Amino acid sequence: MSENLEEVVENALQVAQGFVGLAQYEEALEVCEKILHLKPDSVEAHFILGCVYQACGALPEARLSLRKAELLDETNIAVKALLGLVSQCMGQLEEAMGYYLKVLEVEPTHSDALINLGVIYQGAGEREHAQELYERALGVDGDSVPALINLGSVYVETLDFEGAEKLLRRAYALAPDSVQVLNALALCMKNQGLAHFKFYST
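Draft legend 1. Spotlight on the side chain of K80. With respect to the secondary-structure elements, K80 resides in helix α5 (residues 77–89). Excluding residues that lie within four positions of it along the chain, K80 makes contacts with E70, E74, Y99, K102 and V103.

Draft legend 2. Main features of unusual backbone geometry. Phi is positive for A23, which is not a glycine, with a value near 60°. You will see that L159, though not glycine, has its phi angle at about 65°, which is positive. Here L159 is to be found in the loop between α9 (145–157) and α10 (161–174). Take L159: its relative accessible area is 62%, and that puts it in the exposed class.

Draft legend 3. A look at the pattern of salt bridges. For the coordinates displayed, the defined rule picks out 6 salt bridges. The closest approach of N and O atoms between E30 and K34, which form a salt bridge, is 3.6 Å. You can see E30 and its partner K34 sitting in helix α2 (residues 25–38), 4 residues apart, about one turn around the helix.

Draft legend 4. Geometry of α5. Between its first and last C-alpha atoms α5 spans 18 Å; for 13 residues at 1.5 Å apiece the expected length is 18 Å, and the two agree. Most of α5 is tucked away, with 10 of its 13 residues classed as buried. Looking only at α5, the buried set comprises I77, V79, K80, A81, L82, L83, G84, V86, S87 and Q88. Structurally, α5 contributes buried residues whose contacts are with α3 (43–55), α4 (59–72), α6 (93–106) and α7 (111–123). Its side-chain oxygen 3.1 Å from the backbone nitrogen of A78, N76 forms the N-cap of α5. Once α5 ends, the next one or two residues include G91, with phi positive near 80°.

The rules behind these values
Residues numbered from 1 in each chain as written. Predicted model: local features only at pLDDT ≥ 70, side-chain atom pairs only at ≥ 80, totals over all residues. Heavy atoms only, no water. Helix = DSSP H or I, 4+ residues; strand = E, 2+ residues; numbered from the N terminus. Contact = heavy atoms within 4.5 Å. Buried < 20%, exposed > 50% of the residue type's maximum accessible area, 1.4 Å probe, protein only. Salt bridge = Lys/Arg side-chain N within 4 Å of Asp/Glu carboxyl O. Expected span 1.5 Å × (residues − 1). Polar contact = N/O pair within 3.5 Å; in protein donor to acceptor, adjacent residues only side chain to side chain.

Structure (structure tokens):
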């Protein structure tokens, strides 16, 4: 590829990424298609397509684009992490775990992989594994709202409502407008009230 064409592709990738950041997905798709016409082996273009399809809920298309990116660059951590998320959303949990574990082998502090893998373990009833992963994620970023919410949910499941409320109040302080935080905090308080009611009514 000529030097001039490389520059065109690089500029187009920046434009596509900008459209994604603005949630202008149709425009991002159009730019990526043009890039792939010029450079079919562009890992970045296939990855951006995967991001766009995933954001739009088109999971099979996202998976296809990301697998193309993975075949072109098997060492790309961002591709594997997003493949894990897409597989998880499609209910293919073993495949998702495989991707997350590969990510963590290379980058043990990858916060999204830690949290998402924890969600899978928690869903399987393996709370201790899930708690360990959420705590590792908080060790990487103490202000991670998803890690605080998920760790709080583990505490709720184990009836440690005081610990859960403390974590969820931290999450609320960081993201007071988050519906997910509000729902989690409301559920914790509701369960805490029910537990007290059962205790005093026995």
